[in-house]
Amino acid sequence: MRAVVPARRAITGLGAPTSAGLAIAALFVAACSKPKDPKGEPTAGNWRPIVLPSADAIRLPPPPARGSTEERAEIEELLSHQARRTEADLARVRFWNLGTCVHWNEIARDLVAKHRAPHTMASRVYALLSVGQYDALIAAFNNKYFYKRRPPDSLERSVSPVIPYLGDPVYPSGPATIAAVSAAVLTHLYPDESAFLEAKVQDLHRSRLQAGIGFPSDLKAGDALGRQVAAAIIRYAESDGAKSRALAAPTSTPGHWESTGPKRPLDPRWGEVRPWLMSKGSQFLPPPPPSEGSPAYREALAEVKTLSSNPTLEQQRLAALWADGLGSYAPAGRWNATAASLIRKHKFSEIRAARVFALLNIALMDAGISAWNSKYHYLSRRPSQADPEIVTHIGEPNSPSYTCSHAAFSGAGAGVLGYLFPDDRQWLAAKAEEAAMSRVFAGIQFRFEGEAGLAGGRAVADLAIQRAQADGAPEFLRNDP
């Protein structure tokens, strides 16, 4: 395949670029360009991490010295990659440059769906991944501004990167840090995916070398840093109580929920898993639901029966859309994907994207813990258990009904994202209400359960917002020019 030379400047000693190469590279640079703060994120290395004890907890060894033989060898390696760039190489650069955090969260959603993770464990996958990414990038920025290494093209004019320099020092590489911590955390959660995940890491490394945006030693340092942070995340995960989530199935009394079918109840002890933001799983325990036989209960039961018996096409669509059962990326994944779309829409930088995912995903996991604590505290029956004539349109989860976990996830997701993306707040709140009502349309939950779930999720979101307001990140809600 014909090599492509970027249009930014002629390459000394390697021949002039062709006219076709100039045209392709010009289009490529335009496609990859982002609005940016030309000063970068100089405070990010002092932001408050979540698991690491401090932003400067990991100090990397220094990069090769300015003017050293090691630095010269790295420049020659970059020039070699530059001389052999192809359209396929530029496509790889463009893919990863659209957002390393976004792409690794996409990989996580695919793995959640592939491995049929239940809603509880799916939220934990996203939380562990995004906390690792956020803490690792904070540590990376702390090292960036400690060493203040300049990009290759500022030291050697013949180096011609094909993506814009965003203003932060280049050692260690932020994208390499993200790739390493992401691959290590996901490998811990899905050991059989190790080879696939490491191949993604190497693909990212190739893209950065082919882009000419950083030195090879920047990538190596980022990789080492990411794996150190991943080790801390894995130690945290080993003690969060998730391994005992399915033990000690609850006892039941007449008139209360009972497990149906041959499968075990869904994660009866998930409400005891260690939360990220709440003090404990019962912190936002809702008031008791209406008692069976009360006027409020009879009215709610009649509503479910009416809506589920003769749903409109739109109600059927919403019930199916928000079902997010096994084999999907789960409710937390739906909000994770929404965050990815908003990050791209508003052109957030990597560190800002990592902050969005971290705040969102710890709130989502806590919302699930809170909902599960309520479910197994009250042991409320599903509508179809109270009235067998009720039609259910999607699979009925083998867990108690109150509160609605879909609503809890959605209340938390819309609350956190509404704070971080205020222009989209109204749309996000409407989506959360839609998610809660979708379960009523499906015939598997009551309206009051959705309302309680939304309230619990919003209470968790408030904790995440309080954390955001105290984490040291300047209030910078969009990266618009």
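One numbering rule holds for all chains: residues counted from 1, following each sequence as written. Side-chain atom pairs in this predicted model are given and counted only at pLDDT of 80 or more, local residue features only at pLDDT of at least 70, and totals for whole chains, interfaces and linings cover all residues. Side-chain numbers here rest on the full set of heavy atoms in the structure, without hydrogens or water.

Some points on the overall build of the protein chain
Labels follow the DSSP assignment, with helices taken as runs of H or I lasting at least four residues and strands as runs of E lasting at least two, numbered in each case from the N terminus. Within the protein chain one finds 17 helices and zero strands. Only heavy atoms matter for contacts: two residues are in contact if any of them lie within 4.5 Å across the pair. Taking the intrachain contacts of the protein chain between residues at least 6 apart in sequence as the baseline, contacts between residues at least 24 apart amount to 84%. Accessible surface is estimated by sampling points in the Shrake-Rupley manner with a 1.4 Å probe; for residues, cover comes only from the protein chains shown. For the protein chain, the accessible area works out to roughly 19300 Å², and carbon and sulfur atoms hold 56% of it.

A short note on the packing of helix 12 (residues 330-345) against helix 13 (residues 350-378)
Running from N to C, helix 12 and helix 13 point in directions that differ by 160°, and their axes come no closer than 10 Å. On the basis of the axis angle, helix 12 is roughly antiparallel to helix 13. Between helix 12 and helix 13 lies a crossing whose hand is right-handed. Of the residues in helix 13, those touching helix 12 at Ala332, Trp335, Asn336, Ala339, Ala340 and Ile343 are Ala353, Val356, Phe357, Leu360, Asn361 and Leu364. Axis definition: a line fit to C-alpha positions, over the contact stretch in the case of helices; interaxial angles, taken between N-to-C directions, run 0 to 180 degrees. For this classification, under 35 degrees means roughly parallel, over 145 means roughly antiparallel, 65 to 115 means roughly perpendicular, and everything else is oblique. Crossings are classed by handedness, with left-handed meaning an anticlockwise turn of the near helix from the far one by less than a right angle and right-handed meaning a clockwise turn.

Side note on the packing of aromatic side chains
Aromatic pairing here means that ring centres of Phe, Tyr or Trp (its six-membered ring) are within 6.5 Å. Orientation follows from the plane angle: under 30 degrees is stacked, over 60 is edge-to-face, and everything else is tilted. Counted according to the given criterion, the structure contains 12 aromatic pairs. Centre to centre, the rings of Tyr402 and Phe448 are 6.1 Å apart; their planes meet at 50°, and the pair counts as tilted. In this pair, Tyr402 is assigned in the loop between helix 14 (383-386) and helix 15 (405-420) and Phe448 in helix 17 (residues 447-469), connecting sequence segments 46 residues apart. Under the scheme applied here, a residue whose accessible area is under 20% of the maximum for its type counts as buried, over 50% as exposed, and between as partly exposed, the area being computed with a 1.4 Å probe on protein chains only. Given the relative accessible area of 4%, Tyr402 is considered buried. Taking the ring centre of Phe215 as reference, the NZ or CZ of Arg149 above it sits at 3.9 Å. Geometry around Trp372 places Lys375 over its ring, the cationic atom sitting 5.5 Å from the centre. Here, over-ring charges are defined by two tests on the NZ atom of lysine or the CZ atom of arginine: distance to the ring centre within 6 Å, and angle to the ring normal within 35 degrees.

Brief notes about empty space enclosed by the protein
Cavities and pockets were defined on a 1 Å grid built over protein atoms only: a cavity is a set of grid points that admits a 1.4 Å probe from which the probe cannot escape, a pocket is an open set flanked by protein on both sides within 12 Å along at least five of seven lines, and lining residues are those with an atom within 4 Å of any such point. Grid points are joined across faces, edges and corners, and a volume is the space filled by probe spheres set on the points. Using the criterion set out here, one finds three cavities of 30 Å³ or more in the structure. Reported here for the second largest cavity is a volume of approximately 60 Å³. Lining of the second largest cavity is provided by Phe284, Pro286, Ala367, Ser370, Ala371, Ser374, Thr403, Ala408, Ala452, Gly453, Gly456 and Gly457. Breaking the lining of the second largest cavity down by element, the ones donating at least two residues are helix 13 and helix 17. Throughout, the ten residues Ala, Val, Leu, Ile, Met, Phe, Trp, Tyr, Cys and Pro are labelled nonpolar, Asp, Glu, Lys and Arg are labelled charged, and all others, Gly among them, are labelled polar. Here the residues of the lining of the second largest cavity are counted per class, giving six nonpolar, six polar and no charged.

So, the nonpolar core
Only buried Ala, Val, Leu, Ile, Met, Phe, Trp, Tyr and Cys residues count toward a nonpolar core, and they belong to the same one when joined by side-chain atoms within 4.5 Å. By size, the foremost hydrophobic cluster in this structure holds 137 residues, and its most contacted members are Trp104, Leu186, Trp276 and Leu417. For this core, the leading source of residues is helix 13, giving 18 residues. Excluding residues within four positions of it along the chain, Trp104 makes contact with Trp96, Leu129, Gln133, Ile178, Ala179, Ser182, Ala183, Leu186, Leu197, Lys200 and Val201. Ranked by size, the runner-up nonpolar core spans six residues in total, among them Val93, Val162, Ile163 and Ala211.

These values are about where atoms sit, not about what they do.
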